[in-house]
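Understanding the architecture of this molecule
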Amino acid sequence: MGPLQMQAFRKAYRKILDLTIAIAEIFTEAVVSLTQYYDQPLRCFTFGDFQSVPTIEEFEEILGCPLGGRKPYLFSGFLPSLSKIAIVVRDSTKELDRVKQIRNGVVGLPRKYLEGKARDMANQEEWVPFMDVLALLNVDSLVDLAAIDAFLAYHYSKESLVVAMLANLFDTFDRRCEKSSTQIICCLPALCVWLVSHLFQQDIRHPCLLRSHHSCVEKRRVDWDQHLAGIGGRTISWFPRWKEGKEGVLFSCGEYPNIPLIGTRGCINYNPALAIRQLGYPMRGAPVEESLSPLLVRDFGAQSFKIIQRVHKAWESPLRKDKELRGIRNGIIGGYHEWLKVRTRGLDWLSKLKIINEENFETPEADEEV
């Protein structure tokens, strides 16, 4: 693409291109090390004296695709028709039916087929359909029809894909807890940008997470196992500049006390009560157990249809919080650490954190307001 086409692509598909370019900078070792700290029951990453959670607000910024007044894309469980896909890729339904493949129960289009279509369109300077096909391509050899359904929802209705992205991320880590060979198919560049933005204190507070990521490229030579084992609440970057000036965080949806997510492989949730500190608010004591209620659906069969309907309905009434979460400082107030110690007693991976220097651990602040 030329400069004009690049500009048009970024306008149409936000930061997808920048994240694709960032694939060359993926910290593979960092992601592998991070998986060891995934706390399956709590849907977060648990370290010695703190927990960290990828949130909708952070991934909105990473992807450049805020929810705002947009409708979130919530997968219905039904694959898109080949006729709809044929319009985008400029081919016949019959040809798509011929080239589609099924691998391990996943129905999709071969990457080579889509690459061939993209080359033909570029050679003919048909840039609009070319950009659409380019946005469809991912790093796998088979482009899942469920992923194409998400693309079509964004392409035609501009639905936000953040909910589906996070759902697939948490689903992947959840599956790895049960089967260590599970491939990480979530958006690795976005995950790496999120991880680096919190791990390293920076001299310049970038207003953009991607810029923050690029400024830490030189950090990829660290020993990630040792680095993650040595971090504490005092050493990470809690409150990035991009959060400043934004009001409220999604705290619950409908009847759910947390955030229900629907991805292309099922439903899962995450718990904002564990993430409020990294969104700019103080952690006031232990979270209420009700706010940690789990949700997990691994398929889209008839048995899970009612749950999927409930999640769809819940997203009609999302609840944001702001003033009630504010405090004088963005720190720990009350008995959060005590709760964390009890909650994580006996977790296998915490033995690796004994090498942490005690000075890295935080001491709770006095609750001056109370």
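Please refer to the structure higher up on the page.
Given the structure is predicted, the values throughout are model-derived calculations rather than measurements. (Residues numbered from 1 in each chain as written. Predicted model: local features only at pLDDT ≥ 70, side-chain atom pairs only at ≥ 80, totals over all residues. Heavy atoms only, no water.)

For the rest of this paragraph, the subject is the pairing of strand E8 (residues 259-262). Along E8, one buried face is formed by Ile259 and Leu261 and the opposite face, lined by Pro260 and Ile262, is buried too. As judged from the four bridges shared by E8 and strand E9 (residues 267-270), these two strands associate in the antiparallel manner. Bridging from a neighbouring strand, Leu261 pairs with Ile268 of E9. The antiparallel hairpin formed by E8 and E9 contains four residues in its connecting segment, where Gly266 sits at a positive phi of about 145°. (Buried < 20%, exposed > 50% of the residue type's maximum accessible area, 1.4 Å probe, protein only. Helix = DSSP H or I, 4+ residues; strand = E, 2+ residues; numbered from the N terminus. Pairing = 2+ DSSP bridges.)

This part covers the nonpolar core. Judged by nonpolar contacts, the single largest core of 105 residues is most densely connected at Ile56, Ile85, Leu114, Phe170, Leu261 and Trp315. Those residues in contact with Phe170 that lie beyond four places of it in its chain are Tyr38, Arg43, Val53, Pro54, Leu261, Ile268, Asn269 and Tyr270. (Core = buried A, V, L, I, M, F, W, Y, C linked by side-chain atoms within 4.5 Å. Contact = heavy atoms within 4.5 Å.)

The phi torsion at Arg90 lies on the positive side, around 55°, for a residue other than glycine. With respect to the helices and strands, the residue Arg90 is situated in the loop between helix H5 (82-89) and helix H6 (93-99). Classification of Arg90 as partly exposed rests on a relative accessible area of 48%. Notably, Glu125 is not glycine yet its phi reads approximately 55°, a positive angle. Of note, Glu125 is situated in the loop between helix H7 (111-123) and helix H8 (127-136).

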